[in-house]
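# Examination of the molecular architecture
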Amino acid sequence: MNDIWLTRILPHPQSRDARRDLADAVGLHRRLMSLFPDGAGPDPRASLGVLHRVEDAPTGPYILMQSGHRPDISRLPTGYGAAATRELGPLITALHAGGQIHFRCVASPVRKPGATTRAHYNLPAVVPLTGAHADEWWMRQADAAGLKVLTLHSQPLDSATGVRGQRGTGQQRIRHARTQFDGTAVIIDPDRLRAKLTDGIGRGKAYGCGLLTIAPSRSRAGGTTP
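Thresholds applied
Residues numbered from 1 in each chain as written. Predicted model: local features only at pLDDT ≥ 70, side-chain atom pairs only at ≥ 80, totals over all residues. Heavy atoms only, no water. Helix = DSSP H or I, 4+ residues; strand = E, 2+ residues; numbered from the N terminus. Contact = heavy atoms within 4.5 Å. Phe/Tyr/Trp six-rings, centres within 6.5 Å; stacked < 30°, edge-to-face > 60°. Buried < 20%, exposed > 50% of the residue type's maximum accessible area, 1.4 Å probe, protein only. Lys NZ or Arg CZ within 6 Å of the ring centre and 35° of its normal. pLDDT = per-residue confidence, 0-100. Pairing = 2+ DSSP bridges. Axes fitted to C-alpha atoms, helices over the stretch in contact; angles between N-to-C directions.

### Here's the deal with the overall build of the protein
Assigned secondary structure in the protein consists of seven helices and ten strands. The long-range share in the protein, meaning contacts at least 24 apart out of those at least 6 apart in sequence, stands at 72%.

### A short note on the packing of aromatic side chains
The geometry of two aromatic rings is summed up by the distance between their centres and the angle between their planes. For the structure on display, the rule yields three aromatic pairs. Judged by centre distance (5.0 Å) and plane angle (15°), the ring pair of Trp138 and Phe181 falls under stacked. On the criterion of sequence distance, the pair formed by Trp138 in helix 6 (residues 131-144) and Phe181 in strand 9 (residues 172-187) is long-range, its members being 43 residues apart. In terms of burial, Trp138 and Phe181 fall into one category: buried. An aromatic cluster of at least three residues, connected via ring pairs, comprises Phe103, Trp137, Trp138 and Phe181. Here the basic side chain of Arg8 rests over the ring of Tyr62, its NZ or CZ set 4.1 Å away from the ring centre.

### Here we look at the confidence of the model for the protein
Looking at the protein as a whole, its pLDDT mean stands at 90, while 87% of the residues score no less than 70. When the elements of the protein are averaged for pLDDT, helix 5 (residues 115-121) gives the smallest value, 59, and strand 3 (residues 62-67) the largest, 98. Ignoring residues within four places in sequence, the model shows residues 219-226, a span with pLDDT below 50, making 27 contacts including any to other chains.

### Concerning the sheet that holds strand 2 (residues 51-55)
Pairing in this open sheet of four strands is antiparallel, and the strands run 2-3-1-4 from one edge to the other. Among the strands making up the open sheet, the edge pair consists of strand 2 and strand 4 (81-87). Taking each pair of neighbouring strands and ignoring which way they run, the sheet shows an average axis angle of 15°. Note: strand 2 against strand 3, five bridges, orientation antiparallel. The partner of Val54 across the bridge, within strand 3, is Ile63.

Here it is, written out as structure tokens:
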């Protein structure tokens, strides 16, 4: 399989660039994509396999990024923060049916009502899901990822927000409702799991949603971090 890299960036609290990126999902996406070469095609994020999320820790927030190409962390602005990268290939190659894992995913669970339902209830094209509806959505995603969920804990997070586009050329405000899903599962289909680990889950992947991380059951969720 192709190489997969996991990068952990610990932003410095005194860095103005870092503080601005953490408050702006669009800006953070641009920052992370700047760590890779240009010319990756019409959808560079997908071509490079870039997924990320912001994690909260007692020492402050940090950025977790997965990619199919090794990022050049020297491209971060001076004083932005500390960063470390390691390869995930061996962990993902070793996945096997029957293995038990911890998982974590910050995702944007939604449903898309049909045109008739939207018109009747005056609904938007995409409706965010919360609570039990979000959990049901995750159970379907886990099944598609070749997992049998054993335990599940979910919690809503602040929406990922930002403004896409340049002034004067038609700006678009983006907002993705987010839920963090943690739990344990048994691997049923390793190949399907590898595909979801690489491709991500759900929508908003450019803006901090969809990164699925796993760790052996003897470790805590999120234990794939470097």
